[in-house]
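Chain residues, written in single-letter form:
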Amino acid sequence: MFRPLALPLRLFRIARILAKYDALAVLEEARVFPALLKSARVFSRPFSARGLAGQRPGQKLARALTELGPSFIKLGQFAATRADLVGETVAADLAELQDRLAPFPGEEARAIVERELEQPLEALYASFETQPVSAASIAQVHFAVTHPDPAQEDSEGREVAVKVLRPGIEAAFERDLELFRWIAGLAERSAPKARRLRPRAVVEVFAESVRIEMDLRMEAAAAAELARNFAGDESYRVPEIDWSRTSRRVLTTTRLSGIRLDDRAALLAARHDLTEVLSKAAAIFFNQVFRDGYFHGDQHPGNMFVTEDGAIGAVDFGIMGRLDRKTRTYLADMLLATLAQDYRRLAQVHVDAGWLPPGQHVETFAQALRAVCEPIFGQPLERISFARLLGQLLALTEDFEMPVQPQLVLMQKNMLMAEGVSRKLEPSLNIWVLAEPLIVAWMRENRGVRAQTSEALDSLRETAARLPQALRALEDLSGAVDARGIKLHPDTVAAFRGRRGAAALLPWLATGLSILALILALIALD
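Let me begin by describing the structure that accompanies this report. For every chain, the first residue of its written sequence is number 1, and the numbers climb from 1 along that sequence. Given that the model is predicted, a residue must reach a pLDDT of at least 70 before its local features are reported, and side-chain atom pairs must reach 80 or more before they are shown or counted; all residues, however, enter totals for whole chains, interfaces and linings. Heavy atoms throughout the structure, all of them, feed into the side-chain values; hydrogens and water do not.

**Comments concerning helix H4 (residues 57-68)**
An α-helical turn contains 3.6 residues, so any two residues separated by three or four positions project in the same direction.
Consideration 1: In this text, helices come from DSSP runs of H or I with a minimum length of four residues, and strands from runs of E with a minimum of two, each type numbered from the N-terminal end. Here, expected helix span is obtained from the residue count minus one, scaled by 1.5 Å. For H4, with 12 residues, the first-to-last C-alpha span of 17 Å sits near the 16 Å given by 1.5 Å per residue.
Consideration 2: What H4 keeps buried is the set Gly 58, Lys 60, Leu 61, Ala 62, Ala 64, Leu 65 and Leu 68.
Consideration 3: Note on contacts: a residue pair qualifies if any of its non-hydrogen atoms lie within 4.5 Å across the two residues. Looking at the buried positions of H4, the neighbouring elements they touch are helix H1 (6-20), helix H5 (70-80) and helix H7 (88-95).
Consideration 4: Within two residues after H4, Gly 69 carries a phi angle of roughly 110°, on the positive side. The buried label applies to any residue whose accessible area, calculated with a 1.4 Å probe on protein chains only, is under 20% of its type's maximum; exposed applies above 50%, and partly exposed to all values in between.

**Section: empty space enclosed by the protein**
Consideration 1: As defined here, a cavity is a set of points on a 1 Å grid over the protein atoms alone where a 1.4 Å probe fits but cannot get out. A pocket is an open set with protein on both sides within 12 Å along at least five of seven lines, and residues line them when an atom is within 4 Å of a point. Grid points are joined across faces, edges and corners, and a volume is the space filled by probe spheres set on the points. All chains considered together, the criterion is met by 2 cavities of 30 Å³ or more.
Consideration 2: The space that makes up the largest cavity amounts to roughly 150 Å³.
Consideration 3: If you trace the largest cavity, you find 14 residues lining it, with Leu 261, Ala 281, Gln 299, Met 304 and Ala 418 closest to the centre.
Consideration 4: If you list the elements that add at least two residues to the lining of the largest cavity, you get helix H15 (274-292) and helix H20 (406-425).
Consideration 5: The leading source of residues in the lining of the largest cavity is H20, at 5 residues.
Consideration 6: Residues are grouped as follows: Ala, Val, Leu, Ile, Met, Phe, Trp, Tyr, Cys and Pro are nonpolar; Asp, Glu, Lys and Arg are charged; every other residue, Gly included, is polar. Looking at the lining of the largest cavity residue by residue, the classes come out as 10 nonpolar, 4 polar and no charged.
Consideration 7: When its volume is computed, the second largest cavity comes out at roughly 90 Å³.
Consideration 8: If you go around the second largest cavity, the residues you meet are Leu 331, Met 334, His 350, Trp 355, Leu 390, Leu 393, Leu 394, Thr 397, Met 402, Pro 403, Gln 405 and Leu 408.
Consideration 9: Mapped by element, the contributors of at least two residues to the lining of the second largest cavity are helix H16 (325-339) and helix H19 (386-399).
Consideration 10: The dominant element in the lining of the second largest cavity, judged by the number of residues it contributes, is H19, at 4 residues.
Consideration 11: Per-class residue counts for the lining of the second largest cavity are 9 nonpolar, 3 polar and no charged.

**As for the nonpolar core**
Consideration 1: If you look at the biggest cluster of nonpolar residues, it comprises 64 residues, and the most contacted ones within it are Leu 18, Leu 226, Tyr 236, Ile 312 and Phe 317.
Consideration 2: Sequence-distant contacts of Tyr 236, that is, excluding residues within four places in its chain, are made with Leu 226, Phe 230, Ile 284, Gln 288, His 296, Ile 312 and Ala 314. Residues belong to a common nonpolar core when they are buried Ala, Val, Leu, Ile, Met, Phe, Trp, Tyr or Cys residues joined through side-chain atoms within 4.5 Å.

**With respect to helix H18 (residues 362-373)**
Consideration 1: Here H18 contains 12 residues, and its C-alpha end-to-end distance of 16 Å stays within 8% of the 16 Å for a straight helix at 1.5 Å per residue.
Consideration 2: Regarding H18, the residues found buried are Val 362, Phe 365, Ala 366, Ala 368, Leu 369, Val 372 and Cys 373. Axial view of H18: buried residues confined to an arc of 160°, hence all on one face. Facing away from the buried side of H18 by over 90 degrees, the exposed positions are Glu 363, Gln 367 and Ala 371. The directions considered for the arc run from the helix axis to the C-beta atoms.

Take a look at the structure:
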């Protein structure tokens, strides 16, 4: 709970910093704390930040969130994945929010490692660099070298990266989350426009994502799963987890190095083929999203680089996205309908997916889809942004009261990043065209006649697999009836008598047995 005096003072400080960067528009539009915001604007005028002229609202907000500290930086990064809430332009600006903070002392990091892993640092690592190589809102990274493996002759210690959680960060986030919950609740009660966005539910989703990100074992598990998905694929490198030196607040991985994915000059100087680099990046993104349904949720250039042998390396797996098979199938059908300019079919896919609420007219939605998609066709291929097209489709959720699909918004954010890197490296190329062979193959395998027949058989198998359990339940019911009898409602008894009792059940029983026979026959044929 907040102390009576501490809360208004804290709110005033937040409002003053937002006003300093001319970033109060969101709260002012929602009409939350009008008196507080007005006074914050007055008091912040002498301290207004320089260099704001010409900056977009999202850029100003990003600067304000950076000054407010770790929780607000993470909130901004989370908002960048929710273009449906903050708008596409603001989301794109917040995606550029740099998660960099002053490092905490290296000696403190050493103490945390020893406490978490319950061993002296010298027993864990042959060397440990006290100066961190990077520092972010949640953790910072130190380079180290492990001891040689005594079980192997001539073995050398491995170069590793050690990620250490900031001291006190969990308590600080919990304190800020309570503030966010309080503000969200007030906004829902006092601002009708904010109520539609369900701010309290948004804060809870944010809270869950932050808690996962602050448990470094979860990041380790994410990296391990991603590495397993790409086992044997030399085009993608995920650092190996050192589980013996990993805990809730410490993560140790093998060290990867290379050139930032967006550093065109350095890549050319190292004689990397940029088209080949982009082809690999496109294939990796496509395989993560469609093949595996599990993708790196923060694929900005600082987290991706090109290794010496031309592979794409990735780090920082705190934010991951999942798409179940049904969603991937709907996405594929959406892509096919869009490319065919069949907007009635595209609208129907949304209905089949359960995304278009009852009461909304499919034809009207199809017309809205046409209005969004038609301007795309006819443009030069290199100018077409499929990420922005998806963003505009997601923006229709507000007009048609559709439920938000957070994972699709996260995917769209990463598509924007991929397109940005692609255009920086080779402006004449469209990264999604490079992935076209994979798209065609995936469509043939997953949306062709054979695939749909296989899906039908899988559904029948699932039904057949549930039959023994149903039969056992029927036997249990029969035993209960034999032992104790069964009491029926008088209306039910009268209905049976009117249908000549048990004889009325025979057609239903025959139909059930016929369906069972068909299921078993199909399984046998498969």
